[in-house]
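Analysis of the macromolecular model
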Amino acid sequence: MFGKSSKSCRAGVIVLSLMLGLLAGQGCESPPDSSAVVFEGARLIVGDGSPPVENAALVVDGGRIAEVGPAAELGEWAGAKRVDLTGMTVMPAIIDTHTHLNQERDTLVEDLRARARYGVSAAMSLGRDTRDLSIREEEIPGAARFRSAGEGITSPEPGRSEIPYWVNTEDEARQAVRDEAAREVDIIKIWVDDRNGQYEKLSPELYGAIIDEAHQHGIRVTAHIFGLEDTKGLLRAGIDAFAHGVRDTDVDEEIIELFKERPDVVLVPNLPNRGVATDLSWLSGTIPPDELEELQAGAVEDPEAQAFFAIQARNMARLSAEGITIALGTDGNTPWAPHVEMEDMVAGGMTPAQVIVAATRNAAGLLGLADAGTLEVGKRADFLVLKANPLDDITNTRQIASVYLNGEDVDRSVTGQ
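Throughout this description, residue numbers start from 1 for each chain and increase along the sequence as written. Confidence filtering applies because this is a predicted model: local features only for residues at pLDDT of at least 70, side-chain atom pairs given and counted only at 80 or more, and all residues used for totals across whole chains, interfaces and linings. Side-chain descriptors were evaluated using all non-hydrogen atoms of the structure, hydrogens and water having been removed beforehand.

What to know about the pattern of salt bridges
Selection criterion: Every case where a carboxyl oxygen of Asp or Glu lies within 4 Å of a side-chain nitrogen of Lys or Arg is listed as a salt bridge. A helix here means a DSSP run of H or I that spans at least four residues, while a strand means a run of E at least two residues long, and both kinds are numbered starting from the N terminus. Between buried and exposed lies partly exposed: a residue is buried under 20% and exposed over 50% of the maximum accessible area for its type, with that area taken using a 1.4 Å probe on protein chains only.
With the rule as written, the count across this model stands at 32 salt bridges. For the salt bridge of R318 with E253, the shortest nitrogen-to-oxygen distance reads 2.6 Å. Placement of R318 in helix α8 (residues 303-321) and of E253 in helix α6 (residues 253-261) is noted, with a sequence separation of 65 residues between them. D344 serves as the salt-bridge partner of R274, at 3.0 Å between the closest nitrogen and oxygen. Separated by 70 residues along the polypeptide, R274 in the loop between β14 (266-267) and α7 (289-298) and D344 in helix α9 (residues 337-347) bring together distant segments of the chain. With respect to class, R274 is no different from D344; both count as buried.

In C-alpha cells form, the structure reads like this:
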C-alpha cells in the first residue's frame, strides 16, 4: 500500500509541476510588439505609378516598412503605437539626383538637414566634390543621405572652376576615371558643352574613353549636355544618364530611336526657370524674410526665359511620352528646389503621377538606392505626410505635415527665422 500511495503522490507532484511550468511559461512569453508604429487612414502613393491606396495602413518597425496596404487588411500589431492620418496623403520622400553641395563637413551636414526639412531623403552632388566621401556611409539624424560623383571630367575651361579634371588625351581621361573609381564614387560626371563657344568641347574620342573606362570599373556615367548632336553621340558611346535635357532645338526621330536602343538610360531634365510670375509665399517661415522678399521680386514674367523653357519642356514631354525613364534633379544648392522642379515638370507636360515616380522610384534607381524610392515592405521608412493630394495638384507636395526618414520624425523647425 505504501508503494502504491507513494506512486500516486509522485504522479500528483509531476502534474502540479507541469501545470506550474505552463503557467510560468505563459508569464515569460515575449510581450506584444511595442516597437512598431502603425500609420493608418491616409491615402498612400506607393511611388511606382500604381493607383493610390485609399484608407491605407503603413507599419514601420526598426526604420523599415514592415507592412503596407489597405487598413482593412492590416495584420495583428498588438501593442504598436497608432498614428491616425485620416485626410492626409502619404508618399515616398523625394530624391534629388543633381545638386552641388558644400565641401566643408559642417555646412554639408546642414545642406542635408535642410533638404530633409523639405522632404528630401537623398541628394547626389554632381561633379565638384574634393571632400572625403566617407560621409556617404553615415546615418545622420534628421538629414538626407549623401551620394557623390566626386570630381567630374571636362575639357579645359580656363576661367571656370578648376575642380573637375581637365583632360586633353585618352590617357588623361582614363586616369581621371581610375582616380575617381578609387574614391568609390557613385557615378562619373562629364561635361560636353562649349559654353556658348568659349571652349573646345570634350571630344567623342575622350568621352568614349571615359565611358569605356568607367564601365570597366562598374561605374555609370552621366553627362551635362546642351546640344542635340552631342546627345546622339553620347548615346552611341554608351552613356548611362543625362544631367540636362537637349536645350538647343527640338528632339528628332533619330534621337528617339537611340534612346529606345538604350532603355536603361535615364534623363534628368533639370528644367530652367519658367519665366513666369510665381507666388512664393509657401516658403514663408522656412527662409529669412529678406531672402523671400528678394526671391519674390525676381519671380516675374520673362519672355526670353519662357522660350528657353519651352524647348526643354517639349523635349522632356516627348521623351516621357516615348517611355524614356525620367528622374528628378535640380542643380545648384537650393533645398526646396525639388518642389519647384516638380511643378515645372508638370507645366512642361508630364502628369503629377509621372513626376512623383520621377522624383521617387526613378531617382532612387539612378542613385543606386535599392532600399528607397517606393513604399514597399522591407524598404526604408522614408516618407512624407501631406495635407493635400499631390496627384490633384503637384504643388501639394509643399503642404508638408511631417517628414519621416528611416522611420524617425524629422524636426522641421528652423531656428532664427
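Here the narrative resumes.
With respect to α6
Let me state the cut-off plainly: Within this analysis, the arc is defined by the directions that extend from the helix axis to the C-beta atoms. Here a residue-residue contact requires only that any non-hydrogen atoms of the pair lie within 4.5 Å. Polar contacts, as counted here, are pairs of nitrogen or oxygen atoms within 3.5 Å of one another; within protein the pair requires one atom able to donate a hydrogen and one able to accept it, and residues that are adjacent in sequence qualify only if both atoms are side-chain atoms.
Buried within α6 are the following residues: I255, I256, L258 and F259. The arc that holds the buried residues of α6, viewed along the axis, is 160 degrees, so those residues lie on one side. In α6, the exposed positions angled more than 90 degrees off the buried face are occupied by E253 and E261. Summarising the contacts, the buried residues of α6 are in contact with α5 (228-237), β13 (241-242) and α8. The N-cap residue of α6 is D252: its side-chain oxygen and the backbone nitrogen of E254 are 3.3 Å apart.

A look at the packing of α9 against helix α10 (residues 352-359)
Our working definition: Simply put, an axis is a line fit to the C-alpha atoms, just over the touching stretch for a helix, and the angle between two N-to-C directions goes from 0 to 180 degrees. Oblique is the label for any angle not covered by the other classes, which are roughly parallel (under 35 degrees), roughly antiparallel (over 145) and roughly perpendicular (65 to 115). By convention, the crossing between two helices is left-handed when the near helix turns anticlockwise from the far helix through less than a right angle, and right-handed when the turn is clockwise. Think of it as three bins: nonpolar holds Ala, Val, Leu, Ile, Met, Phe, Trp, Tyr, Cys and Pro, charged holds Asp, Glu, Lys and Arg, and polar takes everything else, Gly as well.
The interhelical angle for the contact between α9 and α10, taken along N-to-C directions, is 140 degrees, at an axis separation of 9 Å. Our classification of the angle between α9 and α10 gives oblique. The chirality of how α9 crosses α10 is right-handed. Every residue of α10 that contacts α9 at M342, M345 and V346 is listed here: P352, V355, A358 and A359. Taken together, the residues of the contact of α9 with α10 break down into seven nonpolar, no polar and no charged.

Regarding the layout of surface pockets
The method is simple in principle: a probe with the dimensions of a water molecule rolls over the atoms, and the space it marks as empty is what remains. Just so we agree on the cut-off: Using protein atoms alone on a 1 Å grid, points that fit a 1.4 Å probe yet trap it form a cavity, whereas open point sets bounded by protein on both sides within 12 Å along at least five of seven lines form a pocket; residues with an atom within 4 Å of a point count as lining. Grid points are joined across faces, edges and corners, and a volume is the space filled by probe spheres set on the points.
There is about 580 Å³ of room inside the largest pocket. Forming the boundary of the largest pocket are 24 residues, of which N273, L280, W336, V340 and D344 lie nearest the centre. Within the residue set of the lining of the largest pocket, elements represented by two or more residues are α7 and α9. Looking at the lining of the largest pocket, the element that brings in the most residues is α9, giving five residues. Of the residues contributing to the lining of the largest pocket, the split by class is 12 nonpolar, six polar and six charged. The calculated volume of the second largest pocket comes to roughly 290 Å³. Residue lining of the second largest pocket: 16 residues in total, with A114, R117, T286, I287 and P335 positioned closest to the centre. With five residues, helix α2 (residues 105-117) is the single largest residue contributor to the lining of the second largest pocket. Taken together, the residues that form the lining of the second largest pocket break down as seven nonpolar, three polar and six charged.

Digging into the packing of aromatic side chains
Definition in use: Only the six-membered ring of Trp is used, alongside the rings of Phe and Tyr, when aromatic pairs are assigned; centres must lie within 6.5 Å, and planes under 30 degrees apart are stacked while those over 60 apart are edge-to-face, with the rest tilted. Charge-over-ring contacts are defined here by two conditions on Lys NZ or Arg CZ: a distance within 6 Å of the ring centre and an angle within 35 degrees of the ring normal.
Counted under the stated rule, the structure contains six aromatic pairs. On the basis of an interplanar angle of 15 degrees and a centroid distance of 4.8 Å, the ring pair of F383 and Y404 is categorised as stacked. Remark: Y404 occurs in strand β17 (residues 400-405) and F383 occurs in strand β16 (residues 383-386); sequence separation between them is 21 residues. As far as burial versus exposure is concerned, F383 and Y404 are alike and both buried. Stacked on the ring of W282, the Lys or Arg R398 has its end atom at 4.3 Å from the ring centre.

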